[in-house]
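# Residue-level structure breakdown
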Amino acid sequence: MRHDHSPSAVERIARICHEVNRAICAAFGDTSQTPWEESPQWQRDSCVLGVEFSLANPDAPPSASHESWLREKEATGWKYGPVKDPETKEHPCFVPYDQLPP
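Residues numbered from 1 in each chain as written. Predicted model: local features only at pLDDT ≥ 70, side-chain atom pairs only at ≥ 80, totals over all residues. Heavy atoms only, no water.

### A word on the packing of aromatic side chains
Overall, the coordinates contain one aromatic pair when judged by the stated rule. With centroids separated by 5.2 Å and ring planes inclined at 50°, the aromatic side chains of W42 and W78 adopt a geometry described as tilted. Placement of the pair is W42 in helix α2 (residues 41-56) and W78 in the loop between α3 (62-75) and β1 (79-80), with a sequence separation of 36 residues. Between the NZ or CZ atom of K73 and the centre of the ring of W78, over which it lies, the distance is 5.0 Å. (Phe/Tyr/Trp six-rings, centres within 6.5 Å; stacked < 30°, edge-to-face > 60°. Helix = DSSP H or I, 4+ residues; strand = E, 2+ residues; numbered from the N terminus. Lys NZ or Arg CZ within 6 Å of the ring centre and 35° of its normal.)

This is how it looks when you write it as structure tokens:
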């Protein structure tokens, strides 16, 4: 089976991942996530990078995906904060994988 990893396919996958993440966040009371079309470009880019990492590393454990996300966030100026805030670039998940909540 041939896999399509073209930019358009990656973006389609990222859009689905974003919407799934948005639904999970909403289930836990976090309604800060906007639909893909309304999300800022930095958020969509981050999701695309996550998909590209997963496609390039299909056997990577979830911890590796989180560490990749953490490196990307750090490189773009994010830091730990108790509440996700794009203005101050703070995120409560900006912690090592083993310190993430369940």
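### Focus on a nonpolar patch on the surface
On the surface, a cluster of nonpolar side chains totalling about 450 Å² of accessible area is made up of I16, V20, I24 and F28. One can find I16 in helix α1 (residues 7-27). For I16, a relative accessible area of 55% puts it in the exposed group. (Patch = residues over 30% accessible without salt bridge, like charges linked within 9 Å, V, L, I, M, F, W, Y side chains within 5 Å. Areas by Shrake-Rupley, 256 points an atom, 1.4 Å probe, with all protein chains shown as cover. Salt bridge = Lys/Arg side-chain N within 4 Å of Asp/Glu carboxyl O. Buried < 20%, exposed > 50% of the residue type's maximum accessible area, 1.4 Å probe, protein only.)

### A closer look at the nonpolar core
If you look at the biggest cluster of nonpolar residues, it comprises six residues: V10, A14, W36, C47, V48 and V51. For this core, the secondary-structure elements that each account for two or more residues are α1 and α2. With three residues, α2 is the single largest residue contributor to this core. V51 has contacts with V10, I13, A14 and C17, leaving out every residue within four places of it along the chain. (Core = buried A, V, L, I, M, F, W, Y, C linked by side-chain atoms within 4.5 Å. Contact = heavy atoms within 4.5 Å.)

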